[in-house]
Structures are given as structure tokens and as C-alpha cells.
2 protein chains.
Amino acid sequence: MRQFVVVAHELDPAADVSLEDLPGTGRLDLLCRCVGAAVFLSHGIRESVRVHLVVDDAYTVRFDADRLRHLHPDERNVAARIRDALAAREDAIGHQPADVSPGVEIYRMGFSETVDRLAREGAVVQLHEDGTPLAAETPPADPVFVLSDHRDFTADERGTLADVAERRVRLGPKTLHADHAITVAHNWLDTDGYASY
Amino acid sequence: MRQFVVVAHELDPAADVSLEDLPGTGRLDLLCRCVGAAVFLSHGIRESVRVHLVVDDAYTVRFDADRLRHLHPDERNVAARIRDALAAREDAIGHQPADVSPGVEIYRMGFSETVDRLAREGAVVQLHEDGTPLAAETPPADPVFVLSDHRDFTADERGTLADVAERRVRLGPKTLHADHAITVAHNWLDTDGYASY
């Protein structure tokens, strides 16, 4: 299983999501591209991938690629799923998620709860400018990549990551958008660390 | 200079572009993400990058990263530029492009004319399932990556590429969307072939 956590710092869970203005809705455009980068191949959906969008440190919207149906890679289509998930947030009680559509759920969990939980399922990998070059690392079996949106991680988030991250990796000399970082990570995993093509 | 050619097989240059339905407009969503993957870094625009969208084998919309202004990475924003470029297509005469907005031009050139011209500016790299593994190649100085949208290259396009491509590379065992392929190519170039982080 490959998992990706993306932290949305500016998306209000109660936002009136406008599909005509995704950037103005907490940079929902970027989050949608992250979901797309994580779950889509050229003519299908990847297997064994989950994306967790942490919203306002209060809710986590989960996309499970194995159960997704009728999802298309355009931002507007993905955004509608996120909108519907946020609209169902009051139905998420305790650790019981609210079901939104096949493969999409929303949990009442913030950043540290989501990441701590995933750390029990795989190896948390933090993208960090002082990390090991990606090409020098061996891909873990069940990686959990943790990324931030257009904002940096907060001090609290960095503290949580310092506790749970098994590895810190560096993707290259340029700072990439989170969705592009997901694509680079997938390619590294697909090729077993640039060894198998 | 890094250049990316993306062939749009289903986008009608005379289409009444709907920003509310980019997938239904010749998969304009995918083309927009290709432009974004090519020109954007996390907090800025890359230098020395051009993207060429070949539309209907008749027109080529060119984005020149060094001259772009006020472009945002969301699909809708990029789509508006492509829409405006297509609307100006009748002003492109001979080899004189029509200026659309800073850094965006449209040329009256189809696939082979665009690719032949770019082959004089750099090394044409074709993505191909029988190509050399990317990690085994040395990055060329001025690569021109040629990619297709959700459709395969036509027989004619494959013929043109067979004539001009200096290299054929394989990005991995999975077939990626064109925008994801651009991100992988950029990361390979950024790291000087996975050597410099």
C-alpha cells in the first residue's frame, strides 16, 4: 500500500466550495491535482493507493483508489468529491467515518491523529530539504508520504513528523508543488528506486 | 532550454471552450495540467521552458515560461489562455504567430512542422515503451520531449518521430498521464539524471 497525506492549511471545512473558483477555496485546485497524481494512471486507477487530505487540522478526507468509481482526473470532478465529503463532516463521529461516495470517506481526525495512525501501517516518509537524496534511498514496502500544500508545515506538524518519520528524503534541487512531488515519488516506487523499468 | 510538445488529438480549434467542462472540450483538462507541470515550481515559474500544444495537427499554442505573467496553476486559469489562443488563430499567418497574452502565442503549424523546427533547437526525446530506461540515459542539454494526450500517436506522427527523435526513453513500468510524464522528465533533468540533489 502506498499512502499520501496532504495537509491543507487554508481550506475551511465549512467553505462554500465554488467549482468555478478552486484556488480561492483554500487552494482546492492543488489538493485535487494531488488526488489525481496519487490515484491515476494513463488509462485507469492505481491499485493499493490511499490519499488523506487533512483539512484545518480537524478533518481528514480519504480517497481509497481500490474503491473509487467514476472519478475523473480533472480538478472540477475531484473537487466535487471533496466538497461532498466536507458537506458530510458532521456525520463523522468518533473514529467512524462518514461515507461520501465509493472510495471517499471523511474522518473527524486532525494531522497528528491521522499521521500517528498511518505510522502503524507503514513507513512515514517526510519530504525535507535536508533529507537523503531520493535516488540514494531504498523504497520502503508501505510508504506513507507526508506533504504540505502551498504553505510550509507548521511548528506543531514538524514536531509530529520528527516523532514518527522513519525517513526524510529530498526529491531534488527544486521545490516542487505537492502534486508533482507525489508523481516523482510514484515513479521512484514504480521503478523500485530507478532500477526496474 | 527544455521543451515539451503535447499533441492534442481531440481538441477542435474552433471549439466553443467551456471552462465548466474542460474534459468535454477535447480533454483540455489534461492539456492544462501538462502546461502546469511544465512551467510551475512550488513558488514560481521555471526558467527556460517552453510548452507546445499541437491542436488538430493545424495549430500550435506555445507557452514560454520566461515571459508568462499572471498565470496560475489551476486548470481553469490555464484553459482560459488556451481558449484565448485558439480564438486568435486566424491572426497567425504563415510563420508569424498571433500574440495572445505575455508568453502565449499561437502558430499556424501542425505536428511535423512544429517538431521538425524544434529538432533544430535541441534533442528530440520520444517516450516509448521500448525505449531506454530513463535512469540509464544522460540528460541532453536541450531536450525536446514529445508526448501525446490520452490517445496514442497516429501512424503519421510515429513516422515523423522515427525521423527526428534522437532518443527513445521509457519512464517506468506504468503508463503515465502526459502531465505526470512531464513531471518525471523535469525531475530527471533537475537532478542531472538522478545524480545531483
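Residues numbered from 1 in each chain as written. Chains lettered and ligands numbered in written order. Predicted model: local features only at pLDDT ≥ 70, side-chain atom pairs only at ≥ 80, totals over all residues. Heavy atoms only, no water.

So, the overall build of chain A
Part 1 of the argument: Each helix and strand counted, chain A has five helices and 10 strands in total.
Part 2 of the argument: What you see for chain A is a C-alpha radius of gyration of 16 Å, in line with the 16 Å of a compact globule of 197 residues.
Part 3 of the argument: Per-residue burial for chain A yields a buried fraction of 60% across its 197 residues.
Part 4 of the argument: Accessible area of chain A: about 7800 Å², with a carbon and sulfur share of 41%. (Helix = DSSP H or I, 4+ residues; strand = E, 2+ residues; numbered from the N terminus. Rg over C-alpha atoms; globule rule 2.2 N^0.38 Å. Buried < 20%, exposed > 50% of the residue type's maximum accessible area, 1.4 Å probe, protein only. Areas by Shrake-Rupley, 256 points an atom, 1.4 Å probe, with all protein chains shown as cover.)

Focus on the interface of chain A and chain B
Part 1 of the argument: Chain A puts 37 residues into the contact, and the matching count from chain B is 37 residues.
Part 2 of the argument: In total, about 3300 Å² of surface goes out of reach between chain A and chain B, with carbon and sulfur atoms giving 60% of it.
Part 3 of the argument: The interface formed by chain A and chain B holds zero salt bridges in total.
Part 4 of the argument: Put simply, chain A and chain B have 15 residue pairs in polar contact (both at pLDDT 80 or more) between them.
Part 5 of the argument: Those elements giving two or more residues to the side of chain A that touches chain B turn out to be helix H1 (28-39), strand S2 (40-41), helix H2 (75-87) and helix H5 (178-190) of chain A.
Part 6 of the argument: Residue classes in the side of chain A that touches chain B are distributed as 14 nonpolar, 12 polar and 11 charged. (Contact = heavy atoms within 4.5 Å. Buried area = accessible area lost by both parts, 1.4 Å probe. Salt bridge = Lys/Arg side-chain N within 4 Å of Asp/Glu carboxyl O. Polar contact = N/O pair within 3.5 Å; in protein donor to acceptor, adjacent residues only side chain to side chain. Nonpolar A, V, L, I, M, F, W, Y, C, P; charged D, E, K, R; others polar.)

Observations concerning the side chain of serine 148 of chain B
Residues and elements named next belong to chain B.
Part 1 of the argument: By the element assignment, serine 148 lies in strand S9 (residues 143-148).
Part 2 of the argument: A residue is classified by how much of its surface remains accessible, and serine 148, at 12% relative accessible area, is buried.
Part 3 of the argument: Only 3.4 Å separates the side chain of serine 148 from the side chain of histidine 9, close enough to count as a polar contact.
Part 4 of the argument: In terms of polar contacts, serine 148 uses its side chain to reach the backbone carbonyl oxygen of arginine 151, at 2.5 Å.
Part 5 of the argument: Discounting chain neighbours no more than four positions away, the residues touching serine 148 are Val7, His9, Phe153 and Ala178.

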